[in-house]
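Here is how the chains run, residue by residue.
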Amino acid sequence: MDKQPVVSLRGLKKSYGRDLILKGIDLDVYTGEIIGYIGPNGAGKSTTLKILIGMLPDFVGEAKVLGYDIREDALEVKKRIGYVPENAMLYEVLTPMEYLLFIGRLHKMEDDLTERRAHELLEIFGLKTHADVRMNAFSKGMRQKVLLISGLIHNPDVIFLDEPLSGLDANAVILVKEVLAKLKAAGKTIFYSSHIMDVVEKISDRIVIINQGAIIANGTFEELKAQAQSGSLEHIFQGLTGDNENSHRAEDFLQALK
Amino acid sequence: MSKAVLRILDLMQGVFRWLGADYDILRNIVEVKFKMQNRRPMAAFSHYKSYNNDQDTNNSFWLMVGLFSIFGGLMGVFIFFIDNPYYAYALPFGYIMIMSVLTLVTDFSTLLLDTTDNVVLLPRPVNGRTILLARLVHISSYVLILSYGIAFFSLFFTLFKYGLLAFFAIILAVFLLAMLSVFFTALLYILLMRFTSEERLKDIISYFQIAFTLLVTAGYQMVGRIFNWLDLDTTTVVIRGWHYALPPLWLSGWMQFVIKNSSQFWVLSLLAFVVPLASAWVLIRFLAPKFTQQIAQLGTGDGGGAEKTITQKRHGFVSRLATMVTGSLLERAIFELSWKITARDRKFKMRTYPTFGSLIPLVFVFGKELFDPQKWSEMAQGYLYLMLLYMAHIVAGTFQSQSHFSEDFKAAWVYFATPTDSPRDVVVGNIKAILLKFYTPFYLLLSTFVLTIWGIKALDDLYLAFVASVCLSMIESKIGSQNRLPFSKSLATMKEAGQTSQFVIFMLLLPTCGFAHWGLTFIPFGVPVACVFATFIAYVLYKQFDKLTWERFDL
């Protein structure tokens, strides 16, 4: 494996107004890795991802993807990456096929190719019969599937996923997990943020925990386990993000009802 | 039709390439924008249409342009009737401008402020210039199609009456008008975005939408009368000072200048050209970059973003009022719930507030005397006000029937999870809230007006009409909407659900009550006796709610 990082962040800082959201992130990701990026709400997970895909050009520090500087060569980066946003944001008055064709054209793919891939991928996700139905009636899980396809349809080298499993049912979660493993085997790099600890635990090569805009842990699951002397990612997470008082809180909760 | 626009773009692709855009991608974005545009419900008519049907529209934009061109054609008729182009064109031009600005403001809130754009387009390999140009092309083709659509008939009337030269003059004039409309809209948006938050902005825009719907509803009734009201002297043309402040008049001045060679119109004509061109320059040079910047900021943040938290007081006037008018805790809870939701749900406001406009035509029934205090004594002879009072029920009825629908209809499960044996409190609490919040203040306002003109003798009539309206509301709730629970049905079910029964009430029961009331005024003591009787009926109807059981409802 060559040691040229696919994603490289140095002293990454980002603020909204006066709030400093990211307080200096240093991170390297190598080819074929699956990185699980976790942290409590508001820790800066989505912001990191948005910077990495070139949506937020206004940041401090250095950010490189595939050797390209994001500030200077955002287009080159965007050609080679796939991104699946949170919140299931897409043009919902379109049908999945129309939407995917649109996305394909943005990537300068031939319509035939897009259509063929879209067909197959929609079928795999069980949306074949919905290919030409407008998405405004879709459930969150169905939209999420379309978004997953739209993030992968141009066969990118690096894939950024922001809460990719939200709204998916148990079967779809298993399917996505398998797909991610296959993508890794095909040499793709995957960077994804999630709340679902046991999935992160199972599929990530490396886990990065972020809290209040700074990385507080970075290593394989085994390393983290040794470091925190604890058995599950949930416990490690709890220990590191400083939320030790949950059992007291549960006690207080019951008291308040009395 | 969208294809035609794309063809024209294809012809101009060299220009776009020269401007630094990736033409294939630009075309793709514009095509999708048009497709989405055509599937969006039209702001102006959403009030009438069911949300259900909108799912199937593929041509809503072209439909809207078609409708507007018919209205625009009605305005254009003045070109034939009035021989002075200065006056004749003022109305169609004014109409084009008002309509374009309002449509832009309302429709573009969904297009421009759509932060989905950011999420969908920004992660893709598309350069910023292409996105900007695609937006620009979309907006300008939208405005131009709209403006020329409204002007369609006027263009041909002009060709027919004044010949080819005037035809070219008006084509140019409409173009300038479109430029002005875009400028004013952009200015308005930038001001609003500068001084308010995103949420607040959406609120303000929804008020525009309400004003827009009002204008469309009341619009046709006004057209014919405007000229009577203004008493325009159509034989000689006078330019008054305030004319210089009205952009449509600049352009009608330009038409006068071209058609009649009237040289005193050169100042207006000059304005007609200089201002749009200058504004286009300002728009491109200063406003557009600022605008895209502001839009890019919308909703990109997480946590530190634009969402502003709104804190509400827990106890206030509403809870005190609720305690006064409700019997049980549950009823009180529902009362406060509908009071609050109706105040905060933007969609609800958009569906209901325009009904206040349905009373505008009445102004014309009363006529000019309304604005002339000397003639009030003449008016006070009749019983015209009864019409006003009964028409007012339309407001109560609309608010009430709309209160059953909500986007959050799924939240209605709470009623079913509530441990009560009778749904009465839920239904009654809602009716009380709607009547007290919307109908009563409105009715009091009308009453003050009626009392000023007709005097104290109308008091018993006011009482009777109010009680009648309350009775109708209860009947509507019972029969019309089968005691639907508040905010429990999706907007999609609105069409099939009880609109016909509301129609029956408005068209049959309401006039019957009104005419019966009118008949009573001819019988000595008819109205006071009826007051007692109506109060009794109201009481009986109210008691009927006690018989409600949960069996009749489902989620």
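All chains use their own residue numbering, which begins from 1 and follows the written sequence. Whichever chain is written first is A, and whichever ligand is written first is 1; the rest continue in order. In view of the model being predicted, local features appear only for residues whose pLDDT reaches at least 70, and side-chain atom pairs are presented and counted only at 80 or more, with totals across whole chains, interfaces and linings using the full set of residues. To get the side-chain values, all heavy atoms of the structure are used, and hydrogens and water are removed first.

1. A word on the overall build of chain A
The line we're drawing: Where helices and strands are cited, they refer to DSSP runs of H or I of at least four residues and of E of at least two residues respectively, numbered from the N terminus. Three labels apply to residues, based on accessible area from a 1.4 Å probe with only protein chains included: buried if under 20% of the type maximum, exposed if over 50%, partly exposed otherwise in between. Any two residues whose heavy atoms approach within 4.5 Å are treated as being in contact. The method behind every accessible area is Shrake-Rupley, applied with a 1.4 Å probe, and residues are considered shielded solely by the protein chains displayed.
Within chain A, the regular secondary structure consists of 10 helices and 10 strands. A burial count over chain A gives 51% of its 258 residues as buried. Taking the intrachain contacts of chain A between residues at least 6 apart in sequence as the baseline, contacts between residues at least 24 apart amount to 66%. In the form shown here, chain A has an accessible surface area of approximately 12,000 Å², with 49% of it arising from carbon and sulfur atoms.

2. Regarding the confidence of the model for chain B
Residue and element names in this part refer to chain B. Here is the rule we go by: pLDDT is defined as a per-residue confidence score from the predictor, taking values between 0 and 100.
Here chain B averages 77 in pLDDT, and 76% of its residues register 70 or above. Element-level pLDDT for chain B is lowest in helix H4 (residues 51-54), with a mean of 42, against a maximum mean of 89 in helix H26 (residues 526-544). Within the model, pLDDT remains below 50 along residues 43-55, and this stretch shows 32 contacts once partners closer than five positions in the same chain are excluded. For residues 300-307, every residue scores under 50 in pLDDT, and the model assigns this stretch 12 contacts once sequence neighbours within four places are set aside. The complex prediction reports pTM at 0.68, with the ipTM value standing at 0.75.

3. A short note on the nonpolar core
Counted only if it meets this: Note on terminology: a nonpolar core comprises buried Ala, Val, Leu, Ile, Met, Phe, Trp, Tyr and Cys residues joined through side-chain atoms within 4.5 Å.
Counting 130 residues, the largest nonpolar core has Tyr91, Tyr99 and Phe102 of chain A together with Phe93 and Met255 of chain B as the members making the most contacts within it. Among all residues touching Met255 of chain B, those that are not within four sequence positions of it are Pro85, Tyr89, Phe93, Thr158, Ala166, Ala169, Ile170, Ala173 and Lys260 of chain B. The next biggest cluster of nonpolar side chains, apart from the first, holds 54 residues, and it includes Leu389, Ile453, Ala465 and Ala538 of chain B.

4. Remarks on the packing of helix H3 (residues 96-106) of chain A against helix H3 (residues 23-39) of chain B
Between two packed helices, both the angle of their axes relative to each other and the distance between the axes serve to describe the pair. Applied cut-off: In this analysis, axes come from line fits to C-alpha atoms, helices being fitted only over the stretch in contact, and the angle between any two N-to-C directions falls in the range 0 to 180 degrees. Comment on the angle field: the value is read as roughly parallel under 35 degrees, roughly antiparallel over 145, roughly perpendicular from 65 to 115, and oblique elsewhere. For a crossing to be left-handed, the near helix must be turned anticlockwise from the far one by less than a right angle; the clockwise case is right-handed. Under the convention adopted here, Pro, Cys and the residues Ala, Val, Leu, Ile, Met, Phe, Trp and Tyr are nonpolar, Asp, Glu, Lys and Arg are charged, and Gly plus all remaining residues are polar.
Across the interface, H3 of chain A lies against H3 of chain B with an axial gap of 9 Å and an inter-helix angle of 160 degrees. With respect to their mutual orientation, H3 of chain A and H3 of chain B come out roughly antiparallel. Seen from above, H3 of chain A lies across H3 of chain B with left-handed handedness. Here H3 of chain A contributes Glu98, Phe102, Arg105 and Leu106 of chain A to the contact with H3 of chain B, which in turn contributes Ile25, Asn28, Ile29, Glu31, Val32, Lys35 and Arg39 of chain B. Tallied by class, the residues present in the contact of H3 of chain A with H3 of chain B amount to five nonpolar, one polar and five charged.

5. Focus: a nonpolar patch on the surface
All names here are of chain B. Defined as follows: Residues with no salt bridge and a relative accessible area higher than 30% make up the patches, which join like charges within 9 Å and nonpolar side chains (Val, Leu, Ile, Met, Phe, Trp, Tyr) within 5 Å. Criterion for a salt bridge: a side-chain nitrogen of Lys or Arg within 4 Å of a carboxyl oxygen of Asp or Glu.
On the surface, Ile8, Leu11, Met12, Val15, Trp18 and Leu19 cluster together into a nonpolar patch covering about 670 Å² of accessible area. Elements that contribute at least two residues to the nonpolar patch include exactly helix H1 (2-11) and helix H2 (13-18). Locating Ile8 in the fold gives a position in helix H1.

6. What to know about the packing of aromatic side chains
Our working rule: Centre distance within 6.5 Å is the pairing criterion for rings of Phe, Tyr and Trp, where only the six-membered ring of Trp is used; planes under 30 degrees apart are then read as stacked, over 60 as edge-to-face, and the remainder as tilted. Each ring is checked for a lysine NZ or an arginine CZ that lies within 6 Å of its centre and within 35 degrees of its normal; such an atom marks a charge sitting over the ring.
This model, assessed by the stated rule, comprises 28 aromatic pairs over all chains. With a centroid separation of 6.0 Å and 55 degrees between ring planes, the pair formed by Phe167 of chain B and Phe168 of chain B is classed as tilted. Phe167 of chain B gets classed as buried once you look at its relative accessible area, which sits at 15%. Grouped by ring-pair contacts, the aromatic residues Phe80, Phe152, Phe153, Phe156, Phe157, Phe160, Phe167 and Phe168 of chain B constitute a single cluster. Lying over the aromatic face of Phe59 of chain A, Arg71 of chain A brings its terminal NZ or CZ to 4.3 Å of the ring centre.

7. Section: the interface of chain A and chain B
For clarity, the threshold we go by: N or O atoms within 3.5 Å of each other form a polar contact, as long as, within protein, one can give a hydrogen and the other can take it, and as long as residues adjacent in sequence are counted only when both atoms are side-chain atoms.
In this assembly, 32 residues from chain A lie in contact with 32 residues from chain B. Linking chain A with chain B are three salt bridges. Where Glu98 of chain A meets Lys35 of chain B, a salt bridge forms, and the shortest distance between an N and an O atom there is 3.7 Å. The interface formed by chain A and chain B holds seven residue pairs in polar contact (both at pLDDT 80 or more) in total. Elements with a contribution of two residues or more to the side of chain A that touches chain B: helix H1 (45-52), helix H2 (74-80), H3 and helix H5 (140-152) of chain A.

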